[in-house]
Amino acid sequence: MTQAATGSEPDGRVPGRRWTVRLDPVGRGSAEVRVSCSRPACAERRLPSASAGRTAAVAHMTAHLRATPAPRADTYCACRADGCRAHLPDTDRHARTAQPWRCGGPVVLTVITDRAGRWWQALECCSRCAAATPGARTAAASSPSAPRTAGRPTPAVAGTVAGTPQFSDQQVTTPTGGPAHLPVPAPRPRPARRRPPEGRVGRRLIPRDLRPVSLRDELTELGDLFRAYQKRPEPDLALLADLQERKARAFLTWSDVSCDATLRLEAQRAEQAAAVIRRQHQHRTGCVPDGEEPGVARLLTGPAQWEYARSVLAYVAGHTPLPGAEARLLVLMLTLRTAHTGTGNLVGQDVNALSLTDPEDLVQQLTDCGWLSLPGTVGDLLASRPENPTPITVPALVPGTDGTGPFTFGRKTRPKLSGWAQRAVSDKKLRKAKAPADARLLAVTLATWTDDVGRLGPGGRGVTLDALTTRVPVDADGLRDLVDRLTAADWLTDATLTDTHLAGRLTERVLPLTCPLPD
């Protein structure tokens, strides 16, 4: 648009103000942009990106609008130029000669924005021009004032309100012979909102007139369930397989109703996806056909070994001769070393790696109470190395005269259980976080109380605190601290501790250490 004419207009009005803020690229090969303002006092700015430049340009225009006085009532439109819809000429040639522009309404301060976000323009114009300009927004309006003539004020016309601005856009003659002005047209109304979108399942729209209604409701519910599944923090392959099977059945019915062959093809693809996801779930949980490798390679490979691990933890909880979590963790590791015959070999590193406060004193207490027997001193045990291990004996585990002991697993299973426990309590992230003995005892205990996908408790319903405190001697405040430690060590996730239960799940990285509970 070109600048309006100067102040020698009819009725002595002054031209409206207008200024523009622009956003331009600096040059090729650069992401910088230049923000400039048509006002002489405003300096040019350079910004590193288009988004930063757009933010600066909007802020600059906003500052101008706040500092600019209200629009003047005695101005004519700054937009009076070719392209303004309110300035299109009348079809009447005589009227066009007498009235070179067509305006109406009070003067307003309007902001016009380029759709591409490259320039912002503020100008004083009449309300008719503002309403006729696409994308224009009114920032302020002028105060009402009486119109002026060349020599004297124009008397109020019958039927008009005194003080209302009058404009020379169109005139009619009153019974007294004076001019009467037509009312200013209101801005164009906004278009009516469109109807709400139809339901979707995947990329398919569900017609509103689809029959039977039960099929339409099933498809709508499936679409909502799939969208809700995408927002889940953790995958649930069993749930996803069920959804795919429902989708296959619903799309097959839809294909029969609408005679659309493409829907039948989508039903077949959903059925194939359900089978693949179901197989993935089986591999992940270890429930796979014979001859196939499970998706999670657990250290303890079968339900029998999982039960053996739980039996050892239960035995240690009831037969530890000393109080405290440190004594229970040490008794657990020594029991697994000597479980089959009551004897085994131990080195100093096996004890020092458990993060005990005073390992020498604790081993000495176990020796003094008769639970542990050593051939030498405690210092010799802690100083022993793998090439010269120390033989130890736990008298309570030595088989009786009938050759039976407290455990029923055989000679080959004992080292597997011992290696599993050593791997759990010596986890890399637990060592890096310098987790105490009670946190390591809780970690190995929770590993035996999960379902096949790592959720705590039978069916993922959580572990009762009564059962948990019998295995890990700790109070409620201490348990909360241990849960926070295991969460920070990426062992536990989605943990929820209530007055009665601990819910959550073990992370993906420790699933090989889990011993799933029976269904």
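All values reported here derive from a predicted model rather than from experimental measurement.

1. Remarks on the side chain of Arg 440
Then, number 1: By secondary structure assignment, the location of Arg 440 is in helix H14 (residues 437–446).
Then, number 2: Nearest to the buried, unbridged Arg 440 among oppositely charged side chains is Asp 438, at 8.0 Å.
Then, number 3: A polar atom in the side chain of Arg 440 sits 3.0 Å from the backbone oxygen of Ala 435.

2. As for the nonpolar core
Then, number 1: One finds Leu 330, Leu 332, Leu 372, Trp 420, Leu 446, Leu 468 and Trp 491 to be the most contacted residues of the largest nonpolar core, which totals 72 residues.
Then, number 2: Those residues in contact with Leu 468 that lie beyond four places of it in its chain are Leu 442, Thr 445, Leu 446, Trp 449, Val 463, Leu 479 and Leu 502.

3. Details of the sheet that holds strand E15 (residues 463–464)
Then, number 1: Taking strand neighbours across the sheet as the criterion, the 3 strands line up as E15-E17-E16 in an open arrangement whose pairing is antiparallel. Lying at the two open borders of the sheet, with one neighbouring strand each, are E15 and strand E16 (492–497).
Then, number 2: Pairing of E15 with strand E17 (residues 501–506) involves 2 bridges; the strand directions are antiparallel. The partner of Val 463 across the bridge, within E17, is Leu 502.
Then, number 3: Contacts from helix H16 (residues 476–488) reach E16 and E17 within the one sheet, and its direction differs from that of E16 by about 160°.

4. Looking at the environment of Arg 337
Then, number 1: By the secondary structure assignment, Arg 337 is in helix H8 (residues 325–338).
Then, number 2: In sequence terms Arg 337 and Pro 415 are 78 residues apart; their C-alpha atoms lie 7.5 Å from each other.
Then, number 3: In this structure, Arg 337 is in contact with Thr 343, Gly 344, Asn 345, Leu 346, Asp 350, Arg 414, Ser 418 and Gln 422, ignoring residues within four places of it in sequence.

Criteria and thresholds
Residues numbered from 1 in each chain as written. Predicted model: local features only at pLDDT ≥ 70, side-chain atom pairs only at ≥ 80, totals over all residues. Heavy atoms only, no water. Helix = DSSP H or I, 4+ residues; strand = E, 2+ residues; numbered from the N terminus. Buried < 20%, exposed > 50% of the residue type's maximum accessible area, 1.4 Å probe, protein only. Lys, Arg positive; Asp, Glu negative; His and termini not counted. Salt bridge = Lys/Arg side-chain N within 4 Å of Asp/Glu carboxyl O. Polar contact = N/O pair within 3.5 Å; in protein donor to acceptor, adjacent residues only side chain to side chain. Core = buried A, V, L, I, M, F, W, Y, C linked by side-chain atoms within 4.5 Å. Contact = heavy atoms within 4.5 Å. Pairing = 2+ DSSP bridges. Axes fitted to C-alpha atoms, helices over the stretch in contact; angles between N-to-C directions.

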